[in-house]
Amino acid sequence: MRWFMPPVVCLLALAGSASAAQGEVCLAAEQTTPAGVMKPFSDSTVFQCKSAGQVTVPQLYAKGWKVVSVFPQSSMDPSKPGMVSVLWTLVVEKD
């Protein structure tokens, strides 16, 4: 049993370091739209990412990033009833 432990420990150490990935949140420009209306984004929509900079989705993939999740974030301004500020949000990761 003693000879078995060092190889197992080495394999576990390698497996842990190989699965480390980098992830972050990227935001598109804010859109002001009537409540309930969401403008779609396209391949030309620019997102601001901390590490990747200002990029589109195709540029993210070209840099080795992949999109994990896409969702809208919204907030209402009490001074503008019926109007909502919306921005597309990406969660991206890079191995």
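Residues numbered from 1 in each chain as written. Predicted model: local features only at pLDDT ≥ 70, side-chain atom pairs only at ≥ 80, totals over all residues. Heavy atoms only, no water.

### Examining the packing of aromatic side chains
Line of reasoning, step 1. This model, assessed by the stated rule, comprises 2 aromatic pairs.
Line of reasoning, step 2. Between phenylalanine 41 and phenylalanine 47 the ring centres are 5.5 Å apart and the planes differ by 90°, which places this aromatic pair in the edge-to-face class.
Line of reasoning, step 3. Judged by relative accessible area, phenylalanine 47 falls into the buried class, the value being 0%.
Line of reasoning, step 4. Note on phenylalanine 41 and tryptophan 88: the rings are 5.1 Å apart at their centroids and 70° apart in plane angle, and the pair reads as edge-to-face. Residue phenylalanine 41 is found in the loop between strand S2 (31-34) and strand S3 (47-49), and its partner tryptophan 88 is found in strand S6 (residues 83-94); the two are separated by 47 residues along the sequence.
Line of reasoning, step 5. Since its relative accessible area comes to 27%, phenylalanine 41 is described here as partly exposed.
Line of reasoning, step 6. Take tryptophan 88: its relative accessible area is 13%, and that puts it in the buried class.
Line of reasoning, step 7. Through pairs of rings, three or more aromatic residues link up here, namely Phe41, Phe47 and Trp88. (Phe/Tyr/Trp six-rings, centres within 6.5 Å; stacked < 30°, edge-to-face > 60°. Buried < 20%, exposed > 50% of the residue type's maximum accessible area, 1.4 Å probe, protein only. Helix = DSSP H or I, 4+ residues; strand = E, 2+ residues; numbered from the N terminus.)

### Description of the nonpolar core
In globular proteins that are soluble, nonpolar side chains generally tend to be buried together.
Line of reasoning, step 1. If you look at the biggest cluster of nonpolar residues, it comprises 12 residues: Cys26, Ala28, Phe47, Cys49, Ala52, Val55, Val57, Leu60, Trp65, Trp88, Leu90 and Val92.
Line of reasoning, step 2. Those elements that place two or more of their residues in this core are strand S1 (22-28), S3, helix H2 (57-62) and S6.
Line of reasoning, step 3. Residue contributions to this core peak at 3 residues, all from S6. (Core = buried A, V, L, I, M, F, W, Y, C linked by side-chain atoms within 4.5 Å.)

### A look at the state of the cysteines
Line of reasoning, step 1. Throughout the structure, instances matching the rule amount to 1 disulfide.
Line of reasoning, step 2. Disulfide pairing is shown between cysteine 26 and cysteine 49; the S-S distance is 2.0 Å. Classification of the bridge connecting cysteine 26 and cysteine 49 rests on its S-S torsion, roughly 120°, and on that basis the disulfide is right-handed. Of this pair, cysteine 26 sits in strand S1 while cysteine 49 sits in strand S3, placing them 23 residues apart in sequence.
Line of reasoning, step 3. Cysteine 26 gets classed as buried once you look at its relative accessible area, which sits at 0%. (Disulfide = S-S within 2.5 Å.)

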